[in-house]
Amino acid sequence: MTTTEIPAPAPAAKTAHGERQPGRRRREGAAWVFLSPWVLGAAVLTLLPMAVSLYLSFTDYDLFNPPRWVGPRNYTQMFTEDPRYWRSVGATLMYVVIAVPLQLGLALVVALALKSMRRGRGFYRSAFYAPSLLGASMSIALVWRALFNDGGTVDNLLGTGGWVNRPGWALLAVALLTVWQFGAPMVIFLAGLQQIPGELYEAASVDGASRWRQFLSVTVPMLSPVIFFNLVLQTIQAFQVFTPAFAVSGGKGGPADSTLFYTLYLYDRGFVASHMGYASAMAWVLLIVIGAVTAVLFRTSRTWVFYASEGDR
């Protein structure tokens, strides 16, 4: 008679799970310990102020008296009763349309030039990056105002008069200050260019492609993720520009509200006129607009951003 050996039952999953659980809990506990400064900072310095700002946007608050609930009145007044608000929107959109393409275009041209350099690349890369570290300061903005003022360097060289005192030129002067700070996107472009395989250019050259054709057919598609990254970052920053407009216009947004950017008008309503509830409403509208523009950029990127790992795109 043959006996069949029955295999011993496997250890219960509960036992095995119970043996691993203490180690997992210790790892999770250690992770939360290291994350706690960031979580605490995000909650206290970001989420809590945002919640308070959202509440204040529905109140009449002047920094000196308790907030008084007024519902959506700040938003309706903003959209229907405040012509300066719409002028600030127009000035900001004009600035974004001018400054962002010029800055990215110049950054890409300089990155292409540095990529082909054999000597001194590190020096020139640092020299071109320096304005990005200095350009956001008030001192540089004041120097920029002096350059474009009546009798300034630009007036003496070109004889065009003081740009900062002419409504048609003041915004362009502020935009040029942003274009001058092209160092950060330039460094990112240079890093992306160095990742493009040289074999692609060799194959295009063998096929008879000119330098311009190689740029359009090889450089731009392979660099499109980096272009998209820089485009998103610089667009978000352009919507929030404040220091150059404040310095060039003396905090007034002039001449004729041509440099009354959105954040400058928000500052004026909140800290000059003490209408903090109105300024909070403006801040939330700006947040929603930036989120919508970013979403549109991500949506449209599917049609022109190429990733090497997705050869079927």
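Before reading further, recall that the structure is shown in the block above.
Residues numbered from 1 in each chain as written. Predicted model: local features only at pLDDT ≥ 70, side-chain atom pairs only at ≥ 80, totals over all residues. Heavy atoms only, no water.

**Q** Describe in detail a nonpolar patch on the surface, supporting the description with residues and values.
**A** On the surface, a nonpolar cluster with roughly 530 Å² of combined accessible area is contributed by Leu63, Phe64, Tyr267, Phe271 and Val272. Mapping Phe64 onto the fold places it in the loop between strand S1 (59–60) and strand S2 (68–69). (Patch = residues over 30% accessible without salt bridge, like charges linked within 9 Å, V, L, I, M, F, W, Y side chains within 5 Å. Areas by Shrake-Rupley, 256 points an atom, 1.4 Å probe, with all protein chains shown as cover. Salt bridge = Lys/Arg side-chain N within 4 Å of Asp/Glu carboxyl O. Helix = DSSP H or I, 4+ residues; strand = E, 2+ residues; numbered from the N terminus.)

**Q** An account of the packing of aromatic side chains is needed here, citing residue identities and associated values.
**A** In this structure the tally under the stated criterion is 21 aromatic pairs. When the centroid spacing of 6.0 Å and the interplanar angle of 75° are considered together, the rings of Phe79 and Tyr85 count as edge-to-face. Centre to centre, the rings of Phe246 and Tyr267 are 5.7 Å apart; their planes meet at 90°, and the pair counts as edge-to-face. Highlighted residues: Phe246 in helix H11 (residues 243–249) and Tyr267 in helix H12 (residues 262–272), separated in sequence by 21 residues. (Phe/Tyr/Trp six-rings, centres within 6.5 Å; stacked < 30°, edge-to-face > 60°.)

**Q** For the nonpolar core, give the residues involved together with the corresponding values.
**A** Within the largest apolar cluster, 58 residues are counted, with the highest numbers of intra-cluster contacts made by Met78, Tyr85, Tyr95, Phe189, Phe261, Tyr262 and Met282. The dominant element in this core, judged by the number of residues it contributes, is helix H3 (residues 83–115), at 13 residues. Excluding its chain neighbours within four sequence positions, the residues that come into contact with Tyr262 are Met78, Tyr85, Ser88, Val89, Thr92, Met282, Val285 and Leu286. (Core = buried A, V, L, I, M, F, W, Y, C linked by side-chain atoms within 4.5 Å. Buried < 20%, exposed > 50% of the residue type's maximum accessible area, 1.4 Å probe, protein only. Contact = heavy atoms within 4.5 Å.)

**Q** I'd like a description of the pattern of salt bridges, backed by residues and values.
**A** Enumeration over the complete set of coordinates arrives at five salt bridges. Residues Arg87 and Asp257 are paired through a salt bridge, measuring 2.8 Å at the closest nitrogen-oxygen approach. Of this pair, Arg87 sits in helix H3 while Asp257 sits in the loop between H11 and H12, placing them 170 residues apart in sequence. Overall, Arg87 belongs to the partly exposed group, its relative accessible area being 38%.

**Q** Describe the environment of Val110, listing the residues and the values that go with them.
**A** Inspection of the secondary structure assignment puts Val110 in helix H3. A relative accessible area of 12% places Val110 in the buried class. Taking the C-alpha atoms as reference, Val110 lies 21 Å from Val96; in sequence the two are 14 residues apart. The contact partners of Val110, leaving out residues within four places of it in the chain, are Phe128, Phe182 and Met186.

**Q** Outline the packing of H3 against helix H7 (residues 167–180), listing residues and values.
**A** The geometry of H3 relative to H7 is characterised by a closest axis approach of 9 Å and an angle of 35° between their N-to-C directions. Our pair here, H3 against H7, has a crossing hand that is right-handed. Every residue of H7 that contacts H3 at Ala91, Met94, Tyr95, Ile98, Ala99, Leu102, Gln103 and Leu106 is listed here: Leu171, Leu172, Val174, Ala175, Thr178 and Val179. Taken together, the residues that form the contact of H3 with H7 break down as twelve nonpolar, two polar and no charged. (Axes fitted to C-alpha atoms, helices over the stretch in contact; angles between N-to-C directions. Left-handed = near helix turned anticlockwise from the far one by under 90°. Nonpolar A, V, L, I, M, F, W, Y, C, P; charged D, E, K, R; others polar.)

**Q** Any chance you could break down the environment of Arg25 for me, citing the residues and the numbers?
**A** One can find Arg25 in helix H1 (residues 13–56). You can call Arg25 exposed: its relative accessible area is 57%. Along the chain, Arg25 and Glu202 lie 177 residues apart, while their C-alpha atoms are 54 Å from each other.

**Q** So what about helix H8 (residues 183–193)? Which residues, and what values?
**A** Taken residue by residue, H8 has Gly183, Pro185, Met186, Phe189, Leu190, Gly192 and Leu193 as its buried positions. Of the surrounding secondary structure, the elements contacted by the buried residues of H8 are H3, helix H4 (121–134) and helix H10 (211–239).

**Q** Please provide a residue-by-residue account of unusual backbone geometry, values included.
**A** Here the residue pair Gly254 and Pro255 is connected by a cis peptide bond, since its omega of 0° sits within 30 degrees of zero. Within the secondary structure, Pro255 is located in the loop between H11 and H12. At Ala256, a residue that is not glycine, the phi angle is positive and equals roughly 55°. With respect to the secondary-structure elements, Ala256 resides in the loop between H11 and H12. For Ala256, a relative accessible area of 66% translates into the label exposed. Positive phi outside glycine occurs at Asp257, with the angle close to 60°. Note on Asp257: relative accessible area 14%, which makes it buried.

**Q** Help me get a handle on the packing of H4 against H8, residues and values and all.
**A** Close contact between H4 and H8 brings their axes to 7 Å; oriented N to C, the two are set at 140°. Relative to H8, the element H4 lies oblique. Together, Arg125, Phe128, Tyr129 and Ser132 of H4 and Gly183, Ala184, Met186, Val187 and Leu190 of H8 make up the contact between the two elements. Looking at the contact of H4 with H8, its residues break down into six nonpolar, two polar and one charged. (Parallel < 35°, antiparallel > 145°, perpendicular 65-115°, else oblique.)

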